[in-house]
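Analysis of the macromolecular model
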Amino acid sequence: MVGLGPRRQPSRKGSMADVPDDLLEQIRYLERIFTVDQAKLKEVTKHFIKELEKGLSVEGGSIPMNPTWVMGFPDGYETGSYLALDMGGTNLRVCEIILLEEKGEFDIIQSKYRMPDELKTGESEELWEYIADCIQQFIEYHHEVEDLEKLDKIPLGFTFSFPATQTYIDNGVLQRWTKGFDISGVEGKDVAPLFEAAIAKRKLPIRLSALINDTTGTLIASAYTDDTMKIGCIFGTGCNAAYMENCGSVPKIASYNLPPDMPIAINCEYGAFDNEHYVLPRTPYDIVIDEDSPRPGQQAFEKMIAGLYLGELFRLVLVDLHDNKSCKVFQGQDISKLRKAYTLDSSFLSMIEEDPFENLSETGDLFRRELGITTNKPELELCRRLAELIGTRAARLSACGVAAICTKKNIKSCHVGADGSVFNKYPHFKARGAVALREILDWEKGQKDPISILAAEDGSGVGAALIAALTIKRVKEGNLAGIRNVEGMI
Ligand code: BGC
């Protein structure tokens, strides 16, 4: 068949005419196991709401619901110069942010540094040395002074996008690594002194003002420019959300005796939702992903929807079809490249879903170029459908977390700020998520979406700076909740 030129449509369900029965049978099976219908979405959300509550309670649950000591939203008039360090997953970024006098305005300069893969599974010391090196390079490049010690200390917000228990705004004990990180000697430790020691060794003019999560940063940065933003989400290498709770609704911080209506941002860490495997519709491939990961049994929800795992799910299905199933997939071909774990990332699926040609010629080129595999038309149809199924499931399940927070907080309408590679780059992710949200929350036909998930401001940069600014401001005003060292702050 000849390519008919670019077309736009999210699904090619009707294009299975040339697919032989053995393959069609497998496609139908994959459709069954990867499809999450409305009833399941509702069931997942219902359980999610209970788990959010449990996480806030004294007993705890599988969702950590970490209090962040971010005690309110910005008013848009925060000012000053701040550094932000963003350690998210794929890159390391250092930013200098100037919050300007004009409401909601800022300037930013930033440098990105690749996070070498060896570092992600290396030793603690090497990680902090590398981070300090990057910050030093950044400051030396952007501040032309001979002696760094002569500079006034610049407040820094450290976006550490992993689950951390915080007793203060500027500390955080790493609960566990996620997103494939496995650096020894950090879990169970407070990362602040480890970071501060590397900074002190180089005599860098920095004062750690706040340790934050990317979701909390996203929440605060989004609210800075849009005061209807109530939730900050990341759909990227990992997945998670933060929202503002009342201290009185967080039983596990009752001993702090904070005013019940005082706001406090909660970093849900809901990638850990359903670690007990009670409700999520896991497929045999999800089980393999979990068992072969550095932390089996952890991040059950994240492993079904986050960017790190989408390409791997796709790969596992194809290898299984080739090796084990009674159908012909890549028959007689060398699939050794495809056998390598994590060889495909979510951009591979994005490219397949974006192939504009009827004969899927771009997908065929991709398989030849990246994997050395020559595909026939039925195989290409299978790959396209599989990518759609995996991408759609991720978007639909993602909506459950947002729906659960909104239901728990009785939010009937709001904006949700979202960031991350999957949200920003994966085709149809936003539209598929919006459809799912509508199905879960039963909005009337024709009703405009009362809750919409929109692209957020830069949470890990601007959000980190804002949180540093907000913290310094409230310390000056005498709100010392979660503050360890008052003199060190101002
Ligand atoms: C981490 C969260 C983070 C999310 C998105 C998860 O793996 O545990 O802290 O917010 O990824 O980056």
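Below or above, wherever it landed, is the structure these notes cover.

Cut-offs and rules
Residues numbered from 1 in each chain as written. Predicted model: local features only at pLDDT ≥ 70, side-chain atom pairs only at ≥ 80, totals over all residues. Heavy atoms only, no water. Helix = DSSP H or I, 4+ residues; strand = E, 2+ residues; numbered from the N terminus. Rg over C-alpha atoms; globule rule 2.2 N^0.38 Å. Buried < 20%, exposed > 50% of the residue type's maximum accessible area, 1.4 Å probe, protein only. Areas by Shrake-Rupley, 256 points an atom, 1.4 Å probe, with all protein chains shown as cover. Lys, Arg positive; Asp, Glu negative; His and termini not counted. Charge placed at Lys NZ, Arg CZ, Asp CG, Glu CD. Contact = heavy atoms within 4.5 Å. Core = buried A, V, L, I, M, F, W, Y, C linked by side-chain atoms within 4.5 Å. Domains from an automatic or database assignment. Pairing = 2+ DSSP bridges. Axes fitted to C-alpha atoms, helices over the stretch in contact; angles between N-to-C directions. Phe/Tyr/Trp six-rings, centres within 6.5 Å; stacked < 30°, edge-to-face > 60°. Lys NZ or Arg CZ within 6 Å of the ring centre and 35° of its normal. Salt bridge = Lys/Arg side-chain N within 4 Å of Asp/Glu carboxyl O. Near = heavy atom within 4 Å. Polar contact = N/O pair within 3.5 Å; in protein donor to acceptor, adjacent residues only side chain to side chain.

1. Points about the overall build of the protein chain
A tally of regular secondary structure across the protein chain gives 16 helices and 13 strands. In summary, the protein chain has a C-alpha radius of gyration of 23 Å against a globular reference of 23 Å for 490 residues, a match within 12%. When the 490 residues of the protein chain are sorted by exposure, 57% land in the buried category. Here the protein chain displays about 20300 Å² of accessible surface, and carbon together with sulfur accounts for 50% of that area. Seen as two clouds, the 56 positive and the 73 negative side-chain charges of the protein chain have centres 4 Å apart.

2. Some thoughts on the environment of L310
Tracing the sequence through the fold places L310 in helix α9 (residues 307–324). C-alpha separation for the pair L310 and L349, spaced 39 residues apart in sequence, amounts to 7.7 Å. In this view, L310 contacts M304, I305, S346, L349, I390, A394 and Y426; residues no more than four positions away in its chain are not counted.

3. With respect to the nonpolar core
Judged by nonpolar contacts, the single largest core of 120 residues is most densely connected at L30, F48, Y270, F314 and F367. Among the elements that take part in this core, helix α12 (residues 377–408) stands out by supplying 16 residues, more than any other. Mapped onto the domain boundaries, this core takes at least three residues apiece from domain 1 (11–66 + 215–457) and domain 2 (69–212 + 458–477). Y270 has contacts with F48, I63, C233, N240, A241, F301, S398, G401, V402 and I405, leaving out every residue within four places of it along the chain. Counting residues in hydrophobic clusters, the runner-up holds 35 residues, among them V94, L127, I135 and V186.

4. With respect to the sheet that holds strand β11 (residues 263–267)
Across the sheet, six strands lie side by side as β1-β11-β10-β9-β12-β13; this open sheet has mixed pairing. Pairing within the sheet leaves two strands with one partner each, and these edge strands are β1 (66–67) and β13 (451–455). Sheet topology note: the strand β10 (residues 239–246)/β11 ladder contains five bridges and is antiparallel. Across the sheet, E245 pairs through a bridge with I264, a residue of β11. Against the sheet, α12 engages β9 (229–235), β10, β12 (414–419) and β13, with an angle of about 160° to β9.

5. Section: the packing of aromatic side chains
Tallied over the full model, the rule gives 23 aromatic pairs. Here the aromatic rings of F34 and Y285 are separated by 6.4 Å at their centres, their planes lie at 10°, and the arrangement is stacked. Of the two residues, F34 is situated in helix α1 (residues 21–34) and Y285 in helix α7 (residues 284–291); the sequence distance between them amounts to 251 residues. By the burial criterion, F34 is buried, and Y285 matches it. Judged by centre distance (6.5 Å) and plane angle (70°), the rings of Y309 and Y342 are edge-to-face. Of this pair, Y309 sits in helix α9 while Y342 sits in the loop between α9 and α10 (346–354), placing them 33 residues apart in sequence. The partly exposed category is assigned to Y342, whose relative accessible area is 38%. Here the aromatic cluster, defined as three or more aromatic residues joined through ring pairs, consists of W128, F158, F160, F162, W177, F181 and F195. Over the ring of F162 we find K179; its NZ or CZ atom is 4.6 Å from the centre of that ring. In this structure, K430 packs its charged tip against the face of F423, placed 4.9 Å from the ring centre.

6. What about the pattern of salt bridges?
Taken as a whole and assessed by the stated rule, the structure comprises 34 salt bridges. Between R315 and E312 there is a salt bridge, with its nearest N and O atoms 2.9 Å apart. Of the two residues, R315 and E312 both sit in helix α9, three residues apart, roughly one turn of that helix. With respect to class, R315 is no different from E312; both count as buried. E370 is paired through a salt bridge with R369; the nearest N and O atoms lie 3.7 Å apart. For E370, a relative accessible area of 42% corresponds to the partly exposed category. A single salt-bridge network, built from bridges that share partners, covers R28, E31, R384, R385 and E388.

7. Structural notes on the site of the ligand
Taken together, 15 residues sit near the ligand, with T178, K179, N213, D214 and E269 positioned nearest. At a separation of 2.7 Å, an oxygen atom of the ligand approaches a polar side-chain atom of N213. D214 places a side-chain nitrogen or oxygen 2.6 Å from an oxygen atom of the ligand. When the ligand sits alone it has 310 Å² of accessible area, and the protein chains cover 98% of it. For the shell around the ligand, the elements supplying multiple residues, two or more each, are α6 (214–225) and β10.

8. Considering unusual backbone geometry
Unlike most non-glycine residues, Q299 shows phi in positive territory, near 55°. By secondary structure assignment, the location of Q299 is in the loop between α7 and α8 (300–305). Note on Q299: relative accessible area 4%, which makes it buried. Backbone geometry places L360, a non-glycine residue, at a positive phi of 55°. For L360, the position within the fold is in the loop between α10 and α11 (361–371). Residue classification places L360 among the buried positions, given a relative accessible area of 0%.

So far we have only geometry, and geometry alone does not tell us how the molecule works.
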